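# Structural overview
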Amino acid sequence: MSYLEIRNLQKKYTKNGPMIVNNMNLSIEKGEFIVFLGPSGCGKTTTIRMISGLEEVTGGDICIEGESILAKKPKERGVSMIFQSYAIWPHMTVFDNIAYPLKLQNVPREEIRRRVETAAAATDIQGLLKRYPAQMSGGQRQRVAVSRAIVVEPKLFLMDEPLSNLDAKLRVSMRTELKNIHNKLGATSIFVTHDQAEAMSLADRIVVMYKGNIEQIGTPMEVYQDSATRFVAEFIGTPPTNFFMTSIERTEEGVQAVGDGFCYQVPVGLTDTLLPYAGRKIEMGVRPEYIEISPGLDRTEGYLTDVDIRFVEPQGSHSILIAKVGATEIKIHTTKYMDIAAGSRVSLNVKEGRVMFFDCDTGKRVK
Ligand SMILES: Nc1ncnc2c1ncn2[C@@H]1O[C@H](COP(=O)(O)OP(=O)(O)OP(=O)(O)O)[C@@H](O)[C@H]1O
Ligand SMILES: [Mg+2]
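Residues numbered from 1 in each chain as written. Chains lettered and ligands numbered in written order. Predicted model: local features only at pLDDT ≥ 70, side-chain atom pairs only at ≥ 80, totals over all residues.

### A closer look at the domain arrangement of the protein chain
By a frequent convention, interface size equals the accessible area lost on bringing the separate parts together. According to the domain assignment, the protein chain contains domain 1 (4–235) and domain 2 (242–358). For domain 1 and domain 2, the distance between their C-alpha centres works out to 40 Å. (Domains from an automatic or database assignment.)

Here it is, written out as structure tokens:
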């Protein structure tokens, strides 16, 4: 039994409306840091609002430690939520903002003082307890929201895009702090974001969502290296995966994936899986860093084609190269900085074992 079990969870806002969360199944272990990642409107907020009790479920069940929480009121669930907008009260001091949920629970005054001080120390705002929100920066207000969420010592910590109002630099330092607080409290956390880089750097496991469905659940490395669907391969990683439409052909030299402007010899290990697709279209995906360029026009077993580099975007530590294979624009992420000029002719070779194939109808990974 996992700590949090979500079983066949469904949500419709109106009787005849669309299914917003579609039969979601997910098990979360105690102490895990889970990130819900997906584009706007995919159902992330709806899902965590159902867990917190702010939204009713249409079907399915949510259990904590084996016990359904659906009949419990939000404050009985042992769950704390941080909202995107912080939702801290402008007319209350920092102390009163953090103390608020404890006052609601009629916790004795002396204990409130002690717990507020501990929560404020955890986010490093112990010196600001007498201030009002208007007298603080966005990052400091964010910390107040975090302190208020942890002061109730939640079993489960839900965070809905808590960093989206912060500037890029503060976002990065606050996310490290949130992870720190999570570790310190030994809490179980669900963190919502549509920022894939944020998800990758924070999560023990990422739940990739799209249109109310879970596309994949996995560690950051799993969803990146071993994407289960075309959507995941495209959504995770910058620049995103390059996709090529190909048809699988059986030739004298073996099985080939033939596309506009290239012909890729399918490695022997993949031929059995791909042969059923012979004569049909299939989509091939290669991440930008797994395409190697050879200015000397050397070809390896993963040879794709020769191209002219159209643009070079130096990034300091490496370069992003842009080229066209047939009509498809592709991006290549060099592993180190390469002094290569636009207009150079190069060979493209795909690193061994780094090609993904996706079924065109279902978007699911074939191999
Ligand atoms: N109260 C509501 N009534 C009707 N439809 C709603 C309601 N709340 C959300 N929706 C719809 O449900 C879908 C999912 O919304 P949700 O807020 O869960 O998305 P999200 O993944 O959190 O998106 P974002 O990244 O933009 O916050 C959207 O299509 C949205 O319009
Ligand atoms: Mg949302």
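And the narrative resumes.
### Description of the nonpolar core
Counting 93 residues, the largest nonpolar core has Val35, Leu158 and Val207 as its most contacted members. Element by element, the count of residues in this core is highest for helix H4 (residues 138–150), at five residues. Two domains share this core, each providing at least three of its residues, namely domain 1 (4–235) and domain 2 (242–358). (Core = buried A, V, L, I, M, F, W, Y, C linked by C-beta atoms within 7 Å. Buried ≥ 20, exposed ≤ 12 C-beta atoms within 10 Å, placed from the backbone. Helix = DSSP H or I, 4+ residues; strand = E, 2+ residues; numbered from the N terminus.)

### Let's talk about the pairing of strand S8 (residues 188–193)
Along S8, six of the six residues are buried, which leaves the element largely enclosed by surrounding structure. Sheet analysis places strand S3 (residues 33–37) next to S8, joined by five bridges and oriented parallel. Bridging from a neighbouring strand, Phe36 pairs with Val192 of S8. As defined by bridge partners, strand S7 (residues 156–160) adjoins S8 across five bridges and the pair is classed as parallel. Paired with Met159 across the bridge in S8 is Phe191. Handedness of the crossover joining S7 and S8 through helix H5 (residues 168–185): right-handed. (Pairing = 2+ DSSP bridges. Right-handed = clockwise from strand over helix to strand, strands pointing away.)

### What about the pairing of strand S15 (residues 291–294)?
Burial along S15 is one-sided: Ile291 and Ile293 are buried, and none of Glu292 and Ser294, which face the opposite way, are. Two strands pair when backbone bridges link them, and S15 and strand S19 (residues 345–350) are joined in this way by four bridges, in the antiparallel orientation. Residue pairing across strands places Ile293 opposite Leu348, the latter belonging to S19.

### So, the confidence of the model for the protein chain
When pLDDT is averaged across the protein chain, the result is 92; 100% of the residues are at 70 or more. Put simply, H5 is where the protein chain has its lowest mean pLDDT, 83, and strand S9 (residues 205–210) is where it has its highest, 98. (pLDDT = per-residue confidence, 0-100.)

### Some remarks on the environment of Asp260
With respect to the element layout, Asp260 can be found in the loop between strand S12 (254–259) and strand S13 (262–265). Assessed through the 13 C-beta atoms surrounding it within 10 Å, Asp260 is described here as partly exposed. Sequence separation between Asp260 and Ser247 is 13 residues; the distance between their C-alpha atoms is 9.8 Å. Residues contacting Asp260, with those up to four places away along its chain left out, are Gly326, Ala327 and Thr328. (Contact = placed C-beta atoms within 7 Å.)

### Observations concerning the site of ligand 1
All residues adjacent to ligand 1 are Tyr13, Ile20, Gly38, Ser40, Gly41, Cys42, Gly43, Lys44, Thr45, Thr46 and His194. Of the residues forming the shell around ligand 1, the biggest block, three residues, is contributed by helix H1 (residues 44–52). Taken together, the residues of the shell around ligand 1 break down into three nonpolar, seven polar and one charged. (Near = placed C-beta within 6 Å. Nonpolar A, V, L, I, M, F, W, Y, C, P; charged D, E, K, R; others polar.)

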